[in-house]
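Below, each chain spelled out in residue letters.
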Amino acid sequence: MQFAHFDHLVLTVESVDASVAFYTRLGFEYIEHDGRHSVRFAQNKINLHPVAKPLPPFAAHPTPGSGDFCVIVHDTIDRIIAEVDAAGVAIEVGPVRRNGAQGPMDSVYVRDPDRNLVEFATYTL
């Protein structure tokens with residue numbers, strides 16, 4: 001196999017509406033297709049599956065709040081912090097230096113409505 005990239009990931013959520021409101025406030029685009037709900041940024045998509053009615057096929061133990069993922073942002077860490085603050089989202093950790101898939105990066109961590117850990121990071125030289 002020649003791996004390319006992720007197409008999407010799935011978050012199990014208590015409330016699709018609350019999740020859509022959170023992610024769109026941060027600049028993600030909302031998509032609804034055939035009764036399924038997603039948010040998108042760049043070429044990436046996060047499908048939002050309600051815990052009360054999981055969409056098959058689904059993980060063996062779909063649980064709200066078990067997600068932990070990183071979104072790369074093409075901007076400075078100061079700009080990321082300003083955008084997160086402007087969206088009214090509390091930064092839980094950061095800024096901190098981390099090592100991503102392509103090298104050193106500066107990150108901040110926030111929690112979405114289900115308490116999933118969302119990292120916003122920018123690669124540094």
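Note that the coordinates shown come from a computational prediction; the quantities given were computed from them, not determined experimentally.

Peer 1: Where do I start with the sheet that holds strand β6 (residues 93–100) in this structure?
Peer 2: In sheet architecture, strand pairing relies on hydrogen bonds along the backbone and comes in two forms, parallel and antiparallel. Strands sit in the order β5-β8-β7-β6 across an open sheet of four strands; the sheet is mixed. Unpaired on one side and paired on the other, β5 (68–72) and β6 mark the two borders of the sheet. The average undirected angle you get between the axes of adjacent strands in this sheet is 35°. Taken together, the five bridges between β5 and strand β8 (residues 117–123) define a ladder with parallel strand orientation. Counted as the bridge partner of valine 71 is phenylalanine 120 from β8. Packed onto the sheet, helix α2 (residues 77–86) meets β6, β7 (103–111) and β8 and runs at close to 10° relative to β7.

Peer 1: Is there a simple way to explain helix α1 (residues 16–25) in this structure?
Peer 2: The α-helix winds at 3.6 residues per turn, so residues separated by three or four positions along the chain end up facing the same way. When we look at burial in α1, the residues that qualify are Val16, Ser19, Val20, Phe22 and Tyr23. Around the axis of α1, the buried residues are gathered within 165° of arc, so they sit on the same side. Two residues or fewer after α1 comes glycine 27, characterised by a positive phi angle close to 110°.

Peer 1: Teacher, can you tell me more about the pairing of β6 here?
Peer 2: Pairing between β6 and β7: six bridges, direction antiparallel. The residue of β7 that forms the bridge with valine 93 is tyrosine 109.

Peer 1: Before we go on, may I ask you to explain the packing of aromatic side chains in this structure?
Peer 2: Any two aromatic rings considered together are summarised by their centre-to-centre distance and by the angle between their planes. Scanning all chains against the criterion turns up three aromatic pairs. Residues phenylalanine 22 and tyrosine 23 carry aromatic rings whose centres are separated by 4.9 Å and whose planes lie at 90° to one another, so their mutual orientation is edge-to-face. Residue phenylalanine 22 shares its accessibility class with tyrosine 23, and that shared class is buried. Taken together, the ring pairs in this structure connect Phe22, Tyr23, Phe28 and Phe41 into an aromatic cluster.

Peer 1: Help me understand the side chain of serine 19, please; the structure alone is not making it clear to me.
Peer 2: Residue position: serine 19 is located in helix α1. In contact with serine 19, other than residues within four places in its own chain, are Val13, Leu48, Pro113 and Asp114.

Peer 1: Just checking my understanding: could you explain unusual backbone geometry for this structure?
Peer 2: In most cases, non-glycine residues show a negative phi, while peptide bonds are predominantly trans. Backbone torsion omega between proline 56 and proline 57 reads -10°, so that peptide bond is classified as cis. Its place among the elements puts proline 57 in the loop between β4 (44–50) and β5. With omega at 10°, the peptide bond leading from glycine 94 into proline 95 counts as cis. Relative to the helices and strands, proline 95 resides in strand β6. We note that alanine 42 has phi near 50°; this positive angle belongs to a residue other than glycine. For alanine 42, the location among the structural elements is in the loop between β3 (36–41) and β4. For arginine 115, which is not glycine, the phi dihedral falls at a positive 75°. Within the element layout of this structure, arginine 115 appears in the loop between β7 and β8.

Calculation criteria
- Residues numbered from 1 in each chain as written.
- Predicted model: local features only at pLDDT ≥ 70, side-chain atom pairs only at ≥ 80, totals over all residues.
- Heavy atoms only, no water.
- Pairing = 2+ DSSP bridges.
- Helix = DSSP H or I, 4+ residues; strand = E, 2+ residues; numbered from the N terminus.
- Axes fitted to C-alpha atoms, helices over the stretch in contact; angles between N-to-C directions.
- Contact = heavy atoms within 4.5 Å.
- Buried < 20%, exposed > 50% of the residue type's maximum accessible area, 1.4 Å probe, protein only.
- Arc of directions from axis to C-beta.
- Phe/Tyr/Trp six-rings, centres within 6.5 Å; stacked < 30°, edge-to-face > 60°.

Purely spatial values, then, with no claim about function.
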